[in-house]
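Residues per chain, in single letters:
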Amino acid sequence: MTRWRVLTDRRVADLDALRGRLRELAQGVEGLDVDLVSDEQFEQAPDAGAFRDFTPVATLRAPHLAILEYASEALLDEFDWIVDFEPLDQE
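All of these numbers come straight from a predicted model, not from anything done at the bench. (Residues numbered from 1 in each chain as written. Predicted model: local features only at pLDDT ≥ 70, side-chain atom pairs only at ≥ 80, totals over all residues. Heavy atoms only, no water.)

### A closer look at the sheet that holds strand β4 (residues 83–87)
Argument step 1. Sheet architecture is open: four strands sit in the order β2-β3-β1-β4, paired in antiparallel fashion. Either end of the sheet is taken by a strand with one partner, and the two such strands are β2 (33–36) and β4. This sheet shows a mean twist of 30 degrees between the axes of neighbouring strands, independent of strand direction.
Argument step 2. As paired strands, β2 and strand β3 (residues 54–62) are joined by four bridges and run antiparallel to one another. By the bridge assignment, Asp-35 is partnered in β3 with Thr-59.
Argument step 3. Across the sheet, helix α1 (residues 15–28) lies against β1 (2–9), β2, β3 and β4, angled at about 5 degrees from β3, the strand it touches most. (Pairing = 2+ DSSP bridges. Helix = DSSP H or I, 4+ residues; strand = E, 2+ residues; numbered from the N terminus. Axes fitted to C-alpha atoms, helices over the stretch in contact; angles between N-to-C directions. Contact = heavy atoms within 4.5 Å.)

In structure tokens, the structure reads:
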């Protein structure tokens, strides 16, 4: 399994819209598993003090890299620079 963390700039992101899109992708993309972080985890994530405050919002997991690439392209198309991705270790 391959995993990527989805991060968003919490200073400008529409968290409800992003979570909704992640749920849609989980239901519509075969092999994609989405684990959303809780509101508490999102709000309590440390602020790095940077101009853009990227905070984890979900973890994507799939058996093939192409599935994660597809999901990330869909998110980038809709949310542009407000989302970012961080590869995690392979299981």
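### With respect to the packing of α1 against helix α3 (residues 65–79)
Argument step 1. Running from N to C, α1 and α3 point in directions that differ by 150 degrees, and their axes come no closer than 11 Å. If you check the angle between α1 and α3, you find them roughly antiparallel. Crossing handedness for the pair α1 and α3: right-handed. Residues Ala-17, Leu-18, Arg-21, Leu-22 and Leu-25 of α1 form the contact with α3, whose own contacting residues are Ala-71, Ala-74, Leu-75, Glu-78 and Phe-79.
Argument step 2. Here the contact of α1 with α3 is built from residues that sort into eight nonpolar, no polar and two charged. (Parallel < 35°, antiparallel > 145°, perpendicular 65-115°, else oblique. Left-handed = near helix turned anticlockwise from the far one by under 90°. Nonpolar A, V, L, I, M, F, W, Y, C, P; charged D, E, K, R; others polar.)

### Describing the side chain of Thr-8
Argument step 1. Secondary-structure assignment places Thr-8 in strand β1.
Argument step 2. Each residue touching Thr-8, except ones within four places of it in the same chain, is listed here: Ala-13, Leu-18, Phe-42, Asp-53, Phe-54, Thr-55, Val-57, Ile-82 and Val-83.

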